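Here are the chains, one letter per residue:
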Amino acid sequence: MSENNSRLDRIEAAINNQFALNAELRTSVEILNSAVETQRRETTELRSAVESLLQIAQIHQRDAELLTSESRRHRSEGHGA
């Protein structure tokens, strides 16, 4: 009978260890899911910022092209350098 009790104690300890491990794993998964969601949100924000910067760069490029074109036209009309 003592051997059965010892065996039951080991089984109970193993089950308790498994419960503790499962709880730790659930916590780790929740932390990782939160981190992934934060990264998704930050990626979306960065993508939006990059798109805005690209639009600004394109506007500046068009403006520079217009200024260059106007400068060339002005010179070709004989207004000097």
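In this report, we go over the structure that sits alongside the text. None of the values given here were measured: they were computed from a predicted structure. (Residues numbered from 1 in each chain as written. Predicted model: local features only at pLDDT ≥ 70, side-chain atom pairs only at ≥ 80, totals over all residues. Heavy atoms only, no water.)

The secondary structure content of the protein chain amounts to one helix and zero strands. The C-alpha atoms of the protein chain give 34 Å as radius of gyration, which overshoots the globular expectation for 81 residues (12 Å, by more than 25%). Principal-axis analysis of the C-alpha atoms places the extent of the protein chain at approximately 115 × 15 × 10 Å. When the accessible surface of the protein chain is split by element, carbon and sulfur atoms take 55% of a total near 7500 Å². Positive and negative charge centroids in the protein chain, built from 10 and 13 side chains respectively, lie 7 Å apart. (Helix = DSSP H or I, 4+ residues; strand = E, 2+ residues; numbered from the N terminus. Rg over C-alpha atoms; globule rule 2.2 N^0.38 Å. Areas by Shrake-Rupley, 256 points an atom, 1.4 Å probe, with all protein chains shown as cover. Lys, Arg positive; Asp, Glu negative; His and termini not counted. Charge placed at Lys NZ, Arg CZ, Asp CG, Glu CD.)

With that out of the way, let us pick up helix α1 (residues 2-76). Between its first and last C-alpha, α1 extends 109 Å over 75 residues, near the 111 Å set by a 1.5 Å rise per residue. Following α1 by one or two positions, G78 adopts a phi angle in the positive range, close to 85 degrees. (Expected span 1.5 Å × (residues − 1).)

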